[in-house]
Amino acid sequence: MTQAYDPTTALIVVDLQHDFAEADGNLYVPGGEQVVPLANAEIEAARAAGAPVIYTQDWHPETTPHFQKDGGIWPVHCVHDTWGAEFHEDLVVDGPVVRKGVDGRDGYSGFSVRDPVTGEQGETRLGHLLRDLGVRRIVLIGLAGDYCVRETALDGLRLGYEVVVPLEGTRFVELQEGDAERTIAELREAGATLVGAAA
Ligand code: VGL
Ligand code: ZN
């Protein structure tokens, strides 16, 4: 069952890119490909109700403190203009795309970026887009549940949005066992509406 949409509810499709959603991607989130048909169903429901659909895309330079080889924690993934950074080929892409991590700053949240050295925060285009559209409620679907979906949800709540996360529409990296469970509890505590059960 898809969520309820209207023009003040935006569907945000988070990072459904090859590196996360394909078994041979560089940072494969187990089961990630199963989110794509669910996302397409939500996109169709949102479109039918006149709700905005916005996509985020992890989009890194070759060298960034986000990557293990440069001092961070992740394998190289979603390098700009590569196969890994492209959206999953089955995903229906029909709406604005907000890229994050573009300039080497850490971008887990779709709303904000952070300089890993100075800690300085900056904004992406997402908040402006949502304000211009008069959005008050956001539905988040995509990858990964314990990183980008989590941070986007927390930022959304801080910014005053009602935040809905359909749990079957995400998958978790679980760098540490229990991260999925901890994230779910944290989001619930922070005021997000979590729908259904994690896969
Ligand atoms: C993400 C790990 C590294 C995400 C991005 O979008 O969830 N996770 N970069
Ligand atoms: Zn990344």
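Scroll up a little and you will see the structure.
Conventions and cut-offs
- Residues numbered from 1 in each chain as written.
- Chains lettered and ligands numbered in written order.
- Predicted model: local features only at pLDDT ≥ 70, side-chain atom pairs only at ≥ 80, totals over all residues.
- Heavy atoms only, no water.
- Donors = N, O, S within 2.8 Å, 3.2 Å for Na, K, Ca; no water.
- Buried < 20%, exposed > 50% of the residue type's maximum accessible area, 1.4 Å probe, protein only.
- Near = heavy atom within 4 Å.
- Polar contact = N/O pair within 3.5 Å; in protein donor to acceptor, adjacent residues only side chain to side chain.
- Nonpolar A, V, L, I, M, F, W, Y, C, P; charged D, E, K, R; others polar.
- Core = buried A, V, L, I, M, F, W, Y, C linked by side-chain atoms within 4.5 Å.
- Helix = DSSP H or I, 4+ residues; strand = E, 2+ residues; numbered from the N terminus.
- Contact = heavy atoms within 4.5 Å.
- Phe/Tyr/Trp six-rings, centres within 6.5 Å; stacked < 30°, edge-to-face > 60°.

Engineer: Would you mind going over the coordination of the zinc ion (ligand 2) with me for this structure?
Structural biologist: In an ideal octahedron of six donors the angles at the metal are 90 or 180 degrees, and in an ideal tetrahedron of four donors they are 109.5 degrees. Donor atoms from the polypeptide that coordinate the zinc ion (ligand 2) comprise Asp58 (OD), His60 (NE2), His66 (NE2) and His77 (NE2), at 2.1 to 2.2 Å from the metal. Read N to C, the donor residues that coordinate the zinc ion (ligand 2) are spaced as D-x1-H-x5-H-x10-H. The same class applies to Asp58 and to His60, which are both buried.

Engineer: Honestly, the site of ligand 1 in this entry has me stumped. Any pointers?
Structural biologist: Not every one of the 13 residues close to ligand 1 is listed here, only the nearest: Asp15, His66, His77, Ala144 and Cys148. Within the side chain of His66, one N or O atom sits 3.0 Å away from a nitrogen atom of ligand 1. One of the backbone N or O atoms of Ala144 is found 3.0 Å from an oxygen atom in ligand 1. Looking at the shell around ligand 1 residue by residue, the class counts come to 8 nonpolar, 2 polar and 3 charged.

Engineer: Can you help me understand the nonpolar core in this one?
Structural biologist: Generally speaking, a soluble globular protein has its nonpolar side chains buried in company with each other. Membership of the largest hydrophobic core comes to 29 residues, with the highest contact counts inside it found for Leu11, Val13, Leu91 and Leu143. Contributing elements (two or more residues each) for this core: strand 1 (9-14), helix 1 (18-21), helix 2 (35-48), strand 2 (53-58) and strand 6 (137-142). A per-element tally of this core places helix 2 first, with 6 residues. In this structure Leu143 touches Val14, Asp15, Leu16, Phe20, Ala21, Val29, Gly32, Val35, Cys148, Val149, Thr170 and Arg171, once residues within four positions along its chain are discounted. With 27 residues, the next largest nonpolar core counts Val14, Val98, Leu130 and Leu157 among its residues.

Engineer: For this particular structure, what's the right way to read the packing of aromatic side chains?
Structural biologist: Remark: the centre distance and the inter-plane angle together describe each pair of aromatic rings, the angle taken between the planes. Tallied over the full model, the rule gives 5 aromatic pairs. Consider the rings of Trp74 and Tyr147, whose centres lie 4.8 Å apart with planes at 90°: the pair is edge-to-face. Of this pair, Trp74 sits in the loop between strand 2 and strand 3 (97-100) while Tyr147 sits in the loop between strand 6 and helix 4 (148-158), and the two are 73 residues apart along the sequence. Each member of the pair, Trp74 as well as Tyr147, is classed as buried. For the pair Phe111 and Tyr161, a centre-to-centre distance of 5.9 Å together with 20° between the ring planes defines the contact as stacked. Taken as a pair, Phe111 in the loop between strand 3 and strand 4 (112-114) and Tyr161 in the loop between helix 4 and strand 7 (162-166) lie far apart in primary sequence, 50 residues in all. Judged by its relative accessible area of 4%, Phe111 falls in the buried class. Each residue in the set Trp74, Tyr108 and Tyr147 is aromatic and connected to the rest through ring pairs, giving one cluster.

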